[in-house]
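A structural walkthrough
Residues per chain are reported as follows:
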Amino acid sequence: VQLQASGGGLVQAGDSLRLSCAISGRTFSGNNMGWFRQAPGKEREFVAGFRWNGGATFYADFVKGRFTISRDNAKKTLFLQMNTLSPEDTAVYYCAAEQRGILSTIRIASSYDYWGQGTLVTVSS
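Residues numbered from 1 in each chain as written. Predicted model: local features only at pLDDT ≥ 70, side-chain atom pairs only at ≥ 80, totals over all residues. Heavy atoms only, no water.

Structural notes on the nonpolar core
Within soluble globular proteins, side chains that are nonpolar generally end up buried alongside one another. Counting residues in each nonpolar core, the largest one holds 34 residues, and the members touching the most others are W35, L80, M82 and Y93. Counting only elements with at least two residues in this core, the list comes to β1 (2–6), β3 (17–24), β4 (32–38), β5 (45–51), β7 (67–72), β8 (77–82), β9 (91–98) and β11 (119–124). With 5 residues, the top contributor of residues to this core is β9. Setting aside residues no more than four positions away along its own chain, M82 makes contact with D15, S16, L17, L19, R66, F67, Y93 and V121. (Core = buried A, V, L, I, M, F, W, Y, C linked by side-chain atoms within 4.5 Å. Buried < 20%, exposed > 50% of the residue type's maximum accessible area, 1.4 Å probe, protein only. Helix = DSSP H or I, 4+ residues; strand = E, 2+ residues; numbered from the N terminus. Contact = heavy atoms within 4.5 Å.)

Describing the packing of aromatic side chains
The geometry of an aromatic ring pair comes down to the distance between the two centres and the angle between the two planes. Taken as a whole and assessed by the stated rule, the structure comprises 6 aromatic pairs. Seen in terms of ring centroids, F36 and W115 are 5.2 Å apart; in terms of plane orientation they differ by 55°. Their pairing is tilted. With F36 in strand β4 and W115 in strand β10 (residues 114–115), this residue pair connects regions lying 79 residues apart in the sequence. (Phe/Tyr/Trp six-rings, centres within 6.5 Å; stacked < 30°, edge-to-face > 60°.)

A look at the sheet that holds β3
In spatial order, the strands read β1-β3-β8-β7; together these 4 strands make up an open sheet with antiparallel pairing. The sheet is open, and its two borders are formed by β1 and β7, each paired with just one other strand. Each strand of the sheet is rotated relative to its neighbour by a mean of 15°, with strand direction disregarded. In the sheet, β1 pairs with β3 via 5 bridges, with the strands oriented antiparallel. What sits directly across from Q4, in β3, is A22. (Pairing = 2+ DSSP bridges. Axes fitted to C-alpha atoms, helices over the stretch in contact; angles between N-to-C directions.)

Topic: the environment of G118
As for its position among the elements, G118 is in the loop between β10 and β11. The class of G118 is buried, set by a relative accessible area of 15%. In sequence terms G118 and G8 are 110 residues apart; their C-alpha atoms lie 8.9 Å from each other. Dropping the residues within four chain positions of it, G118 is found in contact with A5, V92, Y93 and Y94.

Observations concerning the pairing of β9
Counted residue by residue, β9 has 7 buried out of 8 residues, so it is predominantly covered. Of the pairings in the sheet, the one linking β4 to β9 comprises 7 bridges and is antiparallel in character. Each residue of the ladder has a partner; that of W35, found in β9, is C95. Pairing analysis gives 3 bridges linking β9 to β11, with the strands arranged antiparallel. Bridging from a neighbouring strand, A91 pairs with V121 of β11. For β9 and β10, the ladder comprises 2 bridges, and the chain directions are antiparallel.

Digging into the pattern of salt bridges
All chains considered together, the criterion is met by 5 salt bridges. As a salt-bridge pair, R37 and D89 come within 2.9 Å of each other at their nearest N and O atoms. Within this pair, whereas R37 is found in strand β4, its partner D89 is found in the loop between β8 and β9, the two being separated by 52 residues in sequence. Here R37 falls in the buried class, since its relative accessible area comes to 6%. Its salt-bridge partner being D113, residue R100 comes within 3.4 Å of it at the nearest N-O pair. (Salt bridge = Lys/Arg side-chain N within 4 Å of Asp/Glu carboxyl O.)

Here's what the structure looks like:
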């Protein structure tokens, strides 16, 4: 499985961005997909998760309704729509895939098997 994240860039506070994660290689169902981010000097943290089988979504508290995770099943693409961005959202954003589909670990980075290369989001004040 290969994951290719894109869509990052430099925006101003209050703007929106949509990140994409193209999935290639072995297809799978019943898995977890996730977006994580890592700011300079900080640990990687969970942003949003998606259950490929059923479409249930999960979000970090700091998202506060600003972000939406979704997929295009036909195009095998995962999205993260980010609205009302703030400088605190500045980070490298990673998409990830986990094979076992364990619900209790959807927020845990170490449970994911495959990672994209990351896309940088910079929000200026």
